[in-house]
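# Fold and geometry: a report
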Amino acid sequence: MTLSKSDGSTDSLRAETRLVVSGRDTASQKGFVNPPIVRGSTVLYPTAGDLYAHRGEFQYGRHGTPSTRALQDALMALEGPHCAGVGLVPSGVSALSTALLSVLKAGDHLLVCDNVYRPTRQFCDGFLARYGIETTYFDPLIGSGIAALFRPETRAVMVEAPGSQSLEMPDVPAIAAAARAREAIVIDDNTWATPLFRRALEQGVDISIQAATKYIGGHSDVMFGTIAANSKAWPALTETIRLLGLCVGPDDVFLTLRGLRTLAVRLYHHQQAAMNMAQWLARRPEVTRILYPAWPDDPGHAIWKRDFTGAPGLFSIVLKPAPQQAVSALLDTLKLFGMGYSWGGFESLVIPFDCASYRTATKWAPGGPTLRLQIGLENVDDLKADLDRGFAAFNAHQ
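Residues numbered from 1 in each chain as written. Predicted model: local features only at pLDDT ≥ 70, side-chain atom pairs only at ≥ 80, totals over all residues. Heavy atoms only, no water.

## A short note on the overall build of the chain
Test applied: Numbered from the N terminus, helices here are DSSP runs of H or I no shorter than four residues, and strands are runs of E no shorter than two. Atoms considered for the radius of gyration are the C-alpha atoms alone. The globule rule reads 2.2 Å times the number of residues to the power 0.38. The buried label applies to any residue whose accessible area, calculated with a 1.4 Å probe on protein chains only, is under 20% of its type's maximum; exposed applies above 50%, and partly exposed to all values in between. Note on definitions: a residue-residue contact is assigned when non-hydrogen atoms from the two residues lie within 4.5 Å. Computed by Shrake-Rupley with a 1.4 Å probe, the accessible areas treat only the displayed protein chains as cover when residues are assessed. Under this rule, positive means Lys or Arg and negative means Asp or Glu; His and the chain ends count for nothing. Think of each charge as sitting on NZ of Lys, CZ of Arg, CG of Asp or CD of Glu.
Within the chain one finds 13 helices and 13 strands. Against the 2.2 N^0.38 benchmark of 21 Å for 398 residues, the chain shows a C-alpha radius of gyration of 22 Å, consistent with a compact globule. In terms of overall dimensions, the chain has C-alpha extents of about 80 × 55 × 35 Å along its principal axes. A buried classification covers 56% of the 398 residues belonging to the chain. Partitioning the intrachain contacts of the chain with sequence separation of at least 6 by distance along the chain shows that 72% fall at a separation of at least 24. Per element, the accessible surface of the chain, about 16,700 Å² overall, is 55% carbon and sulfur. Across the chain, the centroid of the 37 positively charged side chains sits 1 Å from that of the 38 negatively charged ones.

Take a look at the structure:
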């Protein structure tokens with residue numbers, strides 16, 4: 001079997017099949033199903049002429065190996081025909097910072113969605129500001145109205161669809177159209193949906209990043225970031241990765257590729273379980289709102305239905321007004337929901353969150369305490385029983 005995105009052989013296959021077959025060449029792998037882990041730095045050239053001309057598929061371990069090539073081919077097949085290349089970096093934060101650095105220079109202006117991942121804001125307000133790059137935050141629901149915020153020096157727009165805590169859903173195609181009319185680059189954090197449920201590059205996005213630590217890795221055992229780019233953005237992106245000396249370890253590549261193979265099976269299960277849990281939570285007297293674009297009553301549902309083919313297991317809930325001790329009692333009672341600042345693995349997680357202190361373009365006032373839930377692969381009846389015990393503790397501390 002020899003299938004990879006680079007020769008177009010997977011274009012006619014459905015996404016679930018591409019996840020399984022892309023980036024595999026069993027002939028060169030001597031019949032083994034999985035590509036081997038290649039640990040290497042030095043690449044030897046057979047002749048002086050090859051050395052002088054830098055001829056060869058690989059020149060140096062930092063620039064790529066057969067292991068990284070296999071993962072890149074598989075990711076390109078998933079991202080779709082608009083993808084010119086995929087950069088591999090050590091974490092999701094590294095993906096967002098590298099993407100921004102590849103398109104911005106001193107004196108540029110950047111537009112950023114107000115619901116982005118908080119480390120994105122910290123990078124913009126700290127690192128980029130020190131180098132003379134100004135950031136303006138905008139309402140994630142602004143849509144085509146973003147046109148009024150552009151300046152002559154606006155170089156890029158960054159969105160996150162939806163935000164990973166409050167889950168507002170921006171209209172990415174409308175925002176991208178406004179940016180394209182002004183020759184600005186659009187960077188999108190697509191970690192929530194992954195390219196399985198939304199091909200961002202087909203919606204006018206130039207660079208689509210993911211914390212592959214989350215759903216692509218899928219097992220809470222790897223830190224990884226991916227940066228997919230179209231032909232417009234790829235040359236600058238790949239140069240930035242090379243000049244910054246970014247590379248990923250071979251074992252992390254193997255774990256990420258292994259996780260990618262089962263992405264469809266896991267995400268479909270996460271989606272089914274999350275909708276089941278959302279329906280149950282919506283009937284609870286302790287819950288006033290479900291923040292989940294796939295939920296029919298969510299304000300972003302129409303955009304989700306138009307632009308996405310599915311939804312993962314991450315959503316948030318708003319609780320009825322209650323003191324902090326009630327929320328803490330709920331959290332401390334849970335046994336199956338772990339408390340941890342990540343998501344996308346096989347296990348269920350919960351964290352409290354409050355965006356009010358760092359929102360600048362919008363006001364965060366949900367009307368009660370908020371919890372973010374990652375619905376894992378456990379049996380949903382067990383998860384409901386766990387939350388039921390948590391809600392009993394919550395009510396006892398009112």
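## Structural notes on the environment of V112
Position of V112 among the secondary structure elements: in strand β4 (residues 109-113). When the C-alpha atoms of V112 and A311 are compared, they prove to be 23 Å apart, with 199 residues separating the residues in sequence. When sequence neighbours within four positions are dropped, the list of residues in contact with V112 reads C124, T135, T136, Y137, F138 and M158.

## Things to note about the packing of aromatic side chains
Quick note on the threshold: Put simply, two rings from Phe, Tyr or Trp (the six-membered ring, in Trp's case) pair if the centres are within 6.5 Å, and we call them stacked under 30 degrees between planes, edge-to-face over 60, tilted for the rest. When the NZ atom of lysine or the CZ atom of arginine is within 6 Å of a ring's centre and also within 35 degrees of its normal, the charge is said to sit over that ring.
Taken as a whole and judged by the stated rule, the model has 9 aromatic pairs. Between W192 and Y292, the aromatic rings sit 6.4 Å apart at their centres with planes inclined by 75 degrees, giving edge-to-face as the arrangement. Within this pair, whereas W192 is found in the loop between β7 (185-189) and α7 (194-197), its partner Y292 is found in the loop between β10 (287-291) and α11 (301-307), the two being separated by 100 residues in sequence. A connected cluster of aromatic rings, assembled from ring pairs, spans W192, Y292, F308 and F315. One residue, R182, lies across the ring of F150, its end atom 5.2 Å from the ring centre. A cation sits over an aromatic face here: K214 above W343, 5.6 Å from the ring centre.

## Comments concerning the domain arrangement of the chain
Think of interface size as the accessible area that goes away when the parts come together; that is how it is often given. Stated precisely, the cut-off is as follows: Throughout the structure description, domain borders are defined by an automatic or database domain assignment. Note on terms: buried area is the combined drop in 1.4 Å-probe accessible area of two parts once they are placed together, counting the loss on both.
Segmentation of the chain into domains returns domain 1 (41-258) and domain 2 (263-396). Relative placement of domain 1 and domain 2: their C-alpha centres are 27 Å apart. Between domain 1 and domain 2, the contact holds 35 residues from the first and 42 residues from the second. For the pair domain 1 and domain 2, the two sides together bury roughly 3,300 Å², of which 62% comes from carbon and sulfur.

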